[in-house]
Every structure is written in structure tokens, then in C-alpha cells.
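Coordinates in review
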Amino acid sequence: MALLARLLSGALLIACWWLASRATDPRTLPSPEAVAAFLVREAGSGDLLRNIGITLWRVAASFCLAMATGAVLGIALGRSRRADRLLDTPLLVLLNTPALVITVLAYIWLGLTETAAILAVALNKMPNVAVILREGARGLDPGLEEMAQAFRYDRRTWIRHVLLPQLEPFAVAAARSGISLAWKIVLVVELLGRPNGVGYAISYYFQLFDVAALIGYSLVFSAVMLAVDAVLLQPLDAHARRWR
């Protein structure tokens, strides 16, 4: 039923788009047929799949780096008041620094390299993960802590059976919000300093004023990220909340 509702809403959106394209200049708002024709040509040349694959790689690499570092930092801040007081201000500064500034600085300091691109995206995402996981670490059940001490859990057992189950919903929330943020920032990073990827393609077709290409790449990559959310993140979210 949910799938049918999504399909109907998508069909309605396409119908509205088709009607709007008939009432405006095709160069301003191309029709769905024009966008589909561009995607077929782009896929036939191999550029579409190549650019999407490269961008997905950058999203995955920066996302994993941000999740790993942000989780470690967030748990440390949530478990230690001293660490939280020491690092709270730098964390807030990084959290509120515009993504464009971080990206430009990364390119200046590290050059127009793949490392700089991935690091720029990770630095933009990492503070969000840290803040969410910090709140989770602060809310650990003291009763479970006492139980772990009473049964003399070693560090590995405590992490596996006490810490991780309580932090899982927070980690999934950070992942779901982070994946949507990461791919948007990746496009900006590619637009500014990479010779390939979806962001580069959008920049290239912008210079040609090819609106069909801009809409086509946007729709395809949005569809890919929605599929990633449906196939990976939604099942993880359901698993994290299964006890409810």
C-alpha cells in the first residue's frame, strides 16, 4: 500500500511537470520526455553511470569516515564531562562553519585532490554525528551500568551488550540525516574542484545552460540516494527500534 501511494504521488508529480512544461519555454522547463531523452543519450555514452559511480564512492568514503570519527568523539564527550567542556566550543565552531568555507580551505591546504574532497565532506558531517551520539551516550541507563559492574563485564562485553544496543537508535538517526547531508556537500565539492562526478557534470551543463541535463542528473542521483535509504537505512532503523 505504501509503495502504491509513492508511485501515485510520483505519477502526479510527473503529470504536473508535464503540464507546466507545456505552459513555459522548453529551454526554461524541459518536458519529462526531453529529460528522459537526455538521460538515454548520457547513459549510452557511459558518462551517466561513470559520474554517478564516482560520486557514490566519494559519498561512501566520506560518510564512513565521518561516522567513525564522529561516533568515537560523541561517545567520548558523552561519557566524560571534562572532555565535553574542553571540546564543546571547537565542536560548535566546526558545526556552524559553512560547508563552502571548509571545502575551500581543504582545497587550499591539501590541493585539488581526492583526499581533500573526501576530507572536506567528512569534516562537514562529523560534528552532526558527534552531537547526536553525545546525547545518546549521556542518556545511558545507569541500571544497566550497575548490572555490568555486578557481573564484572570486561570492556568488550560491555561495549557489545550495554553500550551499542543503547546507542544504535542514535547511530541510525545520525546515519539517515548524514547520508542526505553528505551527498549534497559532495556535489558542491565536485563542482568546485573535481574533474568528474555528478557535481562536475552539473557545473559543465550549467555553463551550457542545458536545463534538461541539470534536471536529469538531479533526478537520477536523488533516485539513487532514495534507493540507498530504502534498501539500507530504513531496515537499519527498523532493527534499531525493534524493541518498541
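Position labels on residues start from 1 in each chain and follow its written sequence. Note on the predicted model: pLDDT of at least 70 is required for a residue's local features to be given, and 80 or more for side-chain atom pairs to be given and counted; whole-chain, interface and lining totals, by contrast, use all residues. Values shown for side chains rest on all heavy atoms present in the structure; no hydrogens or waters enter the calculation.

Before going further, it helps to examine the nonpolar core. Core analysis: the largest hydrophobic core is formed by 43 residues, its most contacted members being Val 59, Val 189, Tyr 217 and Phe 221. Working definition: helices are DSSP H or I runs of at least four residues, strands are E runs of at least two. Numbering for both runs from the N terminus. Broken down by secondary-structure element, the contributors of at least two residues to this core are helix H2 (32-45), helix H3 (47-79), helix H5 (99-110), helix H6 (114-138), helix H8 (155-193), helix H9 (198-207) and helix H10 (211-240). Sorting elements by how many residues they give to this core places H8 first, with 13 residues. It only takes one pair of heavy atoms within 4.5 Å for two residues to be counted as in contact. In contact with Phe 221, not counting residues within four places along its chain, are Ile 52, Thr 55, Leu 56, Val 59, Trp 183 and Val 198. Joining through side-chain atoms within 4.5 Å is the link that ties buried Ala, Val, Leu, Ile, Met, Phe, Trp, Tyr and Cys residues into a set, and such a set is a nonpolar core. Burial classes follow relative accessibility: with a 1.4 Å probe on protein chains only, a residue under 20% of its type's maximum area counts as buried, one over 50% as exposed, and anything between as partly exposed.

Bringing the layout of surface pockets into the picture now. A pocket here means an open set of points on a 1 Å grid, computed over the protein atoms alone, that has protein on both sides within 12 Å along at least five of seven lines. A cavity is instead a set of points where a 1.4 Å probe fits but cannot get out; residues with an atom within 4 Å of a point line either one. Grid points are joined across faces, edges and corners, and a volume is the space filled by probe spheres set on the points. Roughly 270 Å³ of volume is contained in the largest pocket. Forming the boundary of the largest pocket are Gly 10, Leu 13, Ile 14, Trp 17, Pro 32, Val 35, Ala 36, Leu 39, Leu 219, Val 220, Ser 222 and Ala 223. Counting only elements with at least two residues in the lining of the largest pocket, the list comes to helix H1 (2-22), H2 and H10. Here the second largest pocket defines a volume of roughly 150 Å³. For the lining of the second largest pocket, the secondary structure elements donating two or more residues are H3 and H10.

For the rest of this paragraph, the subject is the packing of aromatic side chains. Two aromatic rings, drawn from Phe, Tyr or Trp (for Trp, its six-membered ring), form a pair once their centres lie within 6.5 Å of each other, and the interplanar angle then sorts them: stacked below 30 degrees, edge-to-face above 60, tilted otherwise. Following the criterion strictly, the structure yields 6 aromatic pairs and no others. Ring geometry for Tyr 204 versus Tyr 205: centroids 5.0 Å apart, planes at 75 degrees, classification edge-to-face. Take Tyr 204: its relative accessible area is 40%, and that puts it in the partly exposed class. Judged by its relative accessible area of 12%, Tyr 205 is buried. Ring-pair connections join several aromatic residues into one group, and the members of that group are Phe 38, Tyr 204, Tyr 205 and Tyr 217.

Here the phi dihedral of Phe 209 falls at roughly 55 degrees; this positive angle occurs in a residue that is not glycine. Along the polypeptide, Phe 209 turns up in the loop between H9 and H10.

Further remarks concern the UniProt feature "transmembrane region" (unreviewed entry) in the protein chain. Mapped onto this numbering, the UniProt entry gives "transmembrane region" (unreviewed entry) at residues 56-78, 90-110 and 204-228. The straight-line gap between the two end C-alpha atoms of residues 56-78 is 32 Å; of that span, 100% is helix and 0% is strand. Spanning residues 204-228, this segment combines 88% helix with 0% strand, and its end C-alpha atoms are found 26 Å apart. UniProt positions are given in the numbering used here, feature names are shortened, and annotations may be inferred rather than shown by experiment.

Direction vectors running N to C along H8 and H9 enclose 55 degrees, while the axes themselves pass 7 Å from each other. Taken as axis vectors, H8 and H9 run oblique relative to one another. In the crossing of H8 with H9, the sense of the turn from one axis to the other is right-handed. For the pair formed by H8 and H9, the contact residues are Leu 187, Glu 190 and Leu 191 on the first element and Val 198, Gly 199, Tyr 200, Ile 202 and Ser 203 on the second. Angles here are taken between N-to-C directions and fall from 0 to 180 degrees, while the axes themselves are lines fitted to C-alpha atoms, restricted in helices to the stretch in contact. Working rule for angles: under 35 degrees goes down as roughly parallel, over 145 as roughly antiparallel, 65 to 115 as roughly perpendicular, anything else as oblique. Each crossing is labelled by how the near helix is turned from the far one, with a counterclockwise turn of less than a right angle marking it left-handed and a clockwise turn marking it right-handed.

To continue, consider empty space enclosed by the protein. Scanning the entire structure with this criterion turns up 1 cavity of 30 Å³ or more. Size it by volume and the largest cavity reaches roughly 30 Å³. Looking at the largest cavity, the residues that line it are Arg 58, Ser 62, Ala 117, Ile 118, Val 121, Val 186, Val 189 and Glu 190. Mapped by element, the contributors of at least two residues to the lining of the largest cavity are H3, H6 and H8. When residues are sorted by character, Ala, Val, Leu, Ile, Met, Phe, Trp, Tyr, Cys and Pro go into the nonpolar class, Asp, Glu, Lys and Arg into the charged class, and all the rest, Gly among them, into the polar class. When its residues are assigned to classes, the lining of the largest cavity shows 5 nonpolar, 1 polar and 2 charged.

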